[in-house]
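# An overview of the molecular structure
These are the residues of each chain, in order.
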Amino acid sequence: YSVDLAMFMSLRVVAGFASMTVNVVSFVLVVELVSGKWRTITGILNILPVPISYILMACIAYFERDWRNLQLIISLPWLAALSIWYCMPESPRWLLAQGRLNELYSLVERAAALNKRILPPNYRKTLEAAAPPPNNGPIESQQQKQTIPAFLATPDGGGANHVGTIIPNTTESAIPTTHDNPLKVVFNRFYWRTTCLNLIVWLTLIIVYYGLTLHLSNLGGDIYLNTIVAGAIEAISVCVSIFVVLKVGLRRSLIAYMLVPGIFCLATNLLPTRDDNQTAVIIMAIIAKCVIGANNAIIPSYTAMQYPTVVRNFGVGMGSLAAGVALILVPYMWLLESVDPLLPMSIMGVCGIIGAIGLFLMKDIEH
């Protein structure tokens, strides 16, 4: 319903802020509802709708070429998503970190009933002991380790109908309080190296991912067919990546999934002439996009596990900030085609290599 370009761009800014917030917070919420290997599985599946939406978008755009009608078609159905508010639970870890125990009791009891699990008789005292004191000092002065009750985790080894015992969660060690400035936390002496490497990894990953996603038409061929094929293969690669990650781990999977697209993007320069090998260039670009798409599904889980609960949103948000910078750079990168048709592919290849090095320098974590 925009009447001019200024109105359209202003509304797009609002939509951009909202969509990025939903993207970050929804991911953090779903991974905090589970533990163990299910965090990895749920985090990756959370991205699966992205390649599926590429397929649907290409099909809708093929039949509806008017951009206003296209906007209505893809926007109006989302009004139904408001109903999620009434059925989506709050993060139990966040409630615990905030000391909102009454809400946490209700949530844990509802989850146990839904999953037909028996809570330990003293589970409320366990939660009270795990909750942070009202006035904790800054993170640097904290020496205690917070424990997360097993009934907030997966019941592996806890028996068929009974939840296991209390287990320490080392990733929640030296937890900052809700009073700490999250920006200071992610750049303090515990996390500054992780945060800087995360910024580099997210920046390079998104340059490669959206550089290929948004500009498949620059490589020639039918853009609708290219997008549908790339989306279908990416959806399959995202599902396959779950088994790969569970087998070899998050960090090694991420490194491999950054190296392969980087190598494929650089390899396009080895083809004699682009005009005579257009099909080969498209195939290599689609393979690179699908592999980096799997990486795009894994990296939020890896990033979320690097930070404690109270700053997890902010930590993943820092990665999204770098992703936003990458999205600003991508259109200008493709303008370099006027210098050399394959220069953007070369830049993305180098970004893939840099991202792999950044991941190699990061600490490994259990998945």
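Residues numbered from 1 in each chain as written. Predicted model: local features only at pLDDT ≥ 70, side-chain atom pairs only at ≥ 80, totals over all residues. Heavy atoms only, no water.

## So, the overall build of the protein
Using the following cut-off: Strands are runs of DSSP state E lasting at least 2 residues, helices are runs of H or I lasting at least 4, and numbering of each runs from the N terminus. Each residue's exposure class comes from its accessible area (1.4 Å probe, protein chains only) as a fraction of the maximum for that residue type: buried when under 20%, exposed when over 50%, partly exposed otherwise. Contacts were defined at the residue level, with two residues in contact if any of their heavy atoms lie within 4.5 Å. Surface exposure here means Shrake-Rupley accessible area, sampled with a 1.4 Å probe, where a residue is shielded only by the protein chains that are shown.
The helix and strand inventory of the protein stands at 14 helices and two strands. Counting every position in the protein, which comprises 367 residues, the buried fraction comes to 45%. Considering only contacts in the protein between residues 6 or more positions apart, those separated by 24 or more positions represent 78%. Per element, the accessible surface of the protein, about 19100 Å² overall, is 68% carbon and sulfur.

## Re the packing of helix 9 (residues 192-213) against helix 14 (residues 343-361)
Which entries qualify depends on this criterion: Only the stretch in contact is used when fitting a helix axis, every axis being a line fitted to C-alpha atoms; angles between N-to-C directions are given from 0 to 180 degrees. Roughly parallel means an angle under 35 degrees; roughly antiparallel, over 145; roughly perpendicular, 65 to 115; everything else is oblique. Helix crossings are classified by the rotation of the near helix relative to the far one: an anticlockwise turn of less than a right angle makes the crossing left-handed, while a clockwise turn makes it right-handed.
The N-to-C vectors of helix 9 and helix 14 enclose an angle of 150°; their axes lie 8 Å apart at closest approach. In this view, helix 9 runs roughly antiparallel relative to helix 14, as classed from their interaxial angle. Crossing hand, helix 9 versus helix 14: left-handed. Judged by residue contacts, Arg193, Leu197, Ile200, Val201, Thr204, Ile207, Val208, Gly211 and Leu212 of helix 9 engage Met345, Met348, Cys351, Gly352, Ile354, Gly355, Gly358, Leu359 and Leu361 from helix 14.

## Observations concerning the UniProt feature "transmembrane region" (unreviewed entry) in the protein
Test applied: UniProt positions are given in the numbering used here, feature names are shortened, and annotations may be inferred rather than shown by experiment.
The UniProt feature table records "transmembrane region" (unreviewed entry) at residues 6-31, 43-63, 190-211, 223-246, 253-272, 278-298, 310-335 and 341-362. Its end C-alpha atoms 38 Å apart, residues 6-31 is made of 100% helix and 0% strand. For the annotated span residues 223-246, helix accounts for 100% and strand for 0% of the residues, and the straight-line distance between the end C-alpha atoms is 34 Å.

## Observations regarding helix 3 (residues 49-63)
Working note: α-helix, 3.6 residues per turn, so residues spaced by three or four point in the same direction. Basically, it comes down to this: Expected helix span is given by 1.5 Å per residue-to-residue step, counting one fewer step than there are residues. The arc refers to the directions leading from the helix axis to the C-beta atoms.
Its 15 residues give helix 3 an end-to-end C-alpha distance of 21 Å, which sits within 8% of 21 Å, the value for a rise of 1.5 Å per residue. Of the residues making up helix 3, those classed as buried are Pro51, Tyr54, Ala58 and Ala61. Each buried residue of helix 3 sits inside an arc of 85° when the element is viewed along its axis, so together they form one side. Projecting away from the buried face of helix 3 at angles above 90 degrees are the exposed residues Leu56 and Phe63. Structurally, helix 3 contributes buried residues whose contacts are with helix 4 (67-75), helix 9, helix 10 (223-248) and helix 12 (278-304).

## Topic: the pattern of salt bridges
Heads up, the rule is: The term salt bridge refers to a side-chain nitrogen of Lys or Arg lying within 4 Å of a carboxyl oxygen of Asp or Glu.
In the structure shown here, the tally under the stated rule is three salt bridges. In this structure, Glu103 engages Arg100 in a salt bridge whose closest nitrogen and oxygen atoms are separated by 2.7 Å. For Glu103, a relative accessible area of 40% corresponds to the partly exposed category. The salt bridge involving Arg124 is made with Glu109; its shortest N-O contact spans 2.9 Å. Placement of Arg124 in helix 7 (residues 123-130) and of Glu109 in helix 6 (residues 101-114) is noted, with a sequence separation of 15 residues between them. With a relative accessible area of 32%, Glu109 lands in the partly exposed category.

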